[in-house]
Amino acid sequence: MNQNTVDIYDLTIIGGGSAGLVLAVAGAKLGKKTALVEKHRIGGDCLWTGCVPSKALLKAAKVANYIRNAEKYGIAATETKPDWQKVMEYVQSTQHTIEAEHDNPERFREMGVDVIFGNGHFESRDTFVVEDIENEQTRTLKSKKFVISTGSRPLAPPIPGLESCAYLDSENVWELEELPQRLLVIGAGPIGIELGQAFHRLGAEVTIAQRSGRILTKEDMDVSERMLNYLTSEGIDVRLNTNIAKVEKQKDGTNVTFARAQSPPTNENLEQVFDKILVAAGRAPNVEGLGLEKIGVQMQKSGIVVNEKLQTPVKNIYAAGDVIGHYLFTHVAAFQAQLLVRNFLLPVAKKINYSVVPWTTFCDPEVARCGLTEADAREKYGDVDVFTLDQADVDRAVAEGETHGFSKVIASKWRGKILGVHLIGANAGEVIHEYVLAMQQGIPLRKLSGMMHVYPTYSTSVWRIAAKWISEGTLVQTLRKLIRS
């Protein structure tokens, strides 16, 4: 590296993912001298290893599944074996399109953001030193405010032999040159379920091993059970209550020893050979090498410790996104960044509010959620009303042959306040937003029942559920009893 240069900024952002990009745009538009430091590529996990490539892969897998079942729609189709190379070309094309239009470094530079590529560390609470790999020089950045948004990375469980078998994770899976015929997925959370189903539909024999007794453990129990049925009916081998005792590399693949996760343990272990292992069993925050400890920024296992204003104990240093470990979603990172922008502008700081956080698992059918599960709602509020609607009762779903799934809404007994929403079905990730708005603004079910919905759409399910409050809700039923008496 060449000479050391010193630059002074109003705002320095470390990490060019969702939160970092929102902050960079805001800083530039507000006339603040802004620096964005990124060690690799603008766009973060979402663009390069997460949301974008996985959804593109899922689309290709869904098309393959449509062709496989085309006779259902009266169309004679000759099944064609998916071409893995061309599928990956499609995936990469979506990434490059988004990069060119939204996440190109030059776009941010044109706005006035100083984009710097390289690794760096804190020298003090107001000084960050970065090795600028583009200009081959060491740069010292002094800044009034810092925001750390360095994201997270896949975490591998401590399985004997795993490190020696060249396992896949959500980062390097996109480098696969050919489709593995026998794939083991470790973990049945959103990443494991999405990628497992996609690989299965593209032609792999997929086994999913889950340590606990159900898949998608953060979802409502009814959702977990229904999705398990759908996946197994497709031919995916889902093994619950299953640990991986060890893995061993062999000439014909990787030998995996399975053990039942039960107490007391038994010696009834099963061995099976796979071509590849995909680990989807958690994530860890990217904090190494930043020098946070020496300047007083506190950390825990899940990530950097911040208060309700996303501020670390060091008053001029904030953190947002996966690195703080609250909700590992791109939209939550952007939400957190928006709060920081607001607080940087206004004299009275606002606290982050996680009471209404939606998310979607983009399997097929999609799983969308916002608010409490039924079990959590009953624990917190006691008696609640639960309204369900089968997807087969939604006319648009029937017309399109997408009848897998249901809607489940948990509401307060008397007012019909929405406490939790759980959807399985086509476009569930789109339908959920009407509920999200209602929950955020305190709109009860009775008001949703009076809202006009276009027919036939998947969103008519919201109107149908809201109408159930009028016919089946505790308040209405009680009033009817009083009138009859």
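Higher on the page you've got the structure.
Heads up: these notes are all about the structure in this document. Predicted, not measured: the structure shown is a model, and the values here were computed from it.

Reading the values: rules and limits
Residues numbered from 1 in each chain as written. Predicted model: local features only at pLDDT ≥ 70, side-chain atom pairs only at ≥ 80, totals over all residues. Heavy atoms only, no water. Helix = DSSP H or I, 4+ residues; strand = E, 2+ residues; numbered from the N terminus. Contact = heavy atoms within 4.5 Å. Expected span 1.5 Å × (residues − 1). Buried < 20%, exposed > 50% of the residue type's maximum accessible area, 1.4 Å probe, protein only. Pairing = 2+ DSSP bridges. Axes fitted to C-alpha atoms, helices over the stretch in contact; angles between N-to-C directions. Patch = residues over 30% accessible without salt bridge, like charges linked within 9 Å, V, L, I, M, F, W, Y side chains within 5 Å. Areas by Shrake-Rupley, 256 points an atom, 1.4 Å probe, with all protein chains shown as cover. Salt bridge = Lys/Arg side-chain N within 4 Å of Asp/Glu carboxyl O. Lys, Arg positive; Asp, Glu negative; His and termini not counted. Charge placed at Lys NZ, Arg CZ, Asp CG, Glu CD.

### Quick word on the side chain of D220
Link 1 in the chain: Note on placement: D220 falls in the loop between β9 (205-209) and α7 (221-234).
Link 2 in the chain: When residues no more than four places from it in sequence are discounted, the contact partners of D220 are R214, T373, E374, K408 and H422.

### Quick word on helix α3 (residues 51-68)
Link 1 in the chain: Relative to the 26 Å expected for 18 residues at 1.5 Å per residue, α3 spans 25 Å between its end C-alpha atoms, a close match to the ideal helical length.
Link 2 in the chain: When α3 is considered as a whole, its buried residues turn out to be V52, P53, S54, A56, L57, L58, A60, A61, A64 and N65.
Link 3 in the chain: In this structure, the buried side of α3 is in contact with α2 (44-48), α4 (84-101) and α6 (190-201).

### Quick look at the sheet that holds strand β22 (residues 406-411)
Link 1 in the chain: Strands sit in the order β19-β20-β23-β22-β21 across an open sheet of five strands; the sheet is antiparallel. The strands lining the two open edges of the sheet, one partner per strand, are β19 (358-361) and β21 (385-390). Neighbour-to-neighbour, the strand axes of the sheet open up by a mean angle of 10°, direction not taken into account.
Link 2 in the chain: Where β21 meets β22, six bridges bridge the pair, whose relative direction is antiparallel.

### Details of the sheet that holds strand β10 (residues 237-239)
Link 1 in the chain: Spatially, β10-β9-β8-β14 is the arrangement adopted by the four strands of the open sheet, whose pairing is parallel. Bordering the open sheet on either side are β10 and β14 (276-279), each of which pairs with just one other strand. The sheet shows a mean angle of 20° between the axes of neighbouring strands, direction not considered.
Link 2 in the chain: In terms of strand pairing, β9 meets β10 through three bridges, oriented parallel. From the neighbouring strand, T207 faces β10, where its bridge partner is D237.

### Observations regarding the side chain of S407
Link 1 in the chain: Secondary-structure assignment places S407 in strand β22.
Link 2 in the chain: We classify S407 as buried; its relative accessible area is 2%.
Link 3 in the chain: In contact with S407, other than residues within four places in its own chain, are F387, T388, L389, H422, L423, S461 and I465.

### Considerations on a positive patch on the surface
Link 1 in the chain: A grouping of K380, R415, K417, R446 and K447 is seen on the molecular surface, where their side chains present a positively charged patch.
Link 2 in the chain: Summarising the element assignment, R415 is placed in the loop between β22 and β23 (418-425).

### Digging into the pattern of salt bridges
Link 1 in the chain: In the structure shown here, the tally under the stated rule is 22 salt bridges.
Link 2 in the chain: With a closest N to O distance of 2.8 Å, E106 and R109 form a salt bridge. In this pair, E106 and R109 are both assigned in helix α5 (residues 105-111), three residues apart and thus about one turn of the helix distant.
Link 3 in the chain: With a relative accessible area of 41%, E106 lands in the partly exposed category.
Link 4 in the chain: Taking the relative accessible area as the measure of exposure, R109 reaches 25% and is therefore partly exposed.
Link 5 in the chain: K351 serves as the salt-bridge partner of E308, at 3.3 Å between the closest nitrogen and oxygen. Remark: K351 occurs in the loop between α8 (330-345) and β19 and E308 occurs in the loop between β17 (303-304) and β18 (317-319); sequence separation between them is 43 residues.

### A short note on the pairing of strand β6 (residues 137-148)
Link 1 in the chain: Of all twelve residues making up β6, nine are buried, and the element is well covered by its neighbours.
Link 2 in the chain: Where strand β5 (residues 127-132) lies against β6, six bridges are found, and the strand directions are antiparallel. Following the sheet pairing, D132 is matched in β6 by Q137.
Link 3 in the chain: Between the antiparallel neighbours β5 and β6 lie four residues, among them E136 with a positive phi of about 50°.
Link 4 in the chain: Sheet topology places β6 next to β18; three bridges connect them, and they run parallel. Its bridge partner lying in β18, V147 is registered against Y318.

Interpretation note: all reported values are geometric properties and have no functional meaning in isolation.
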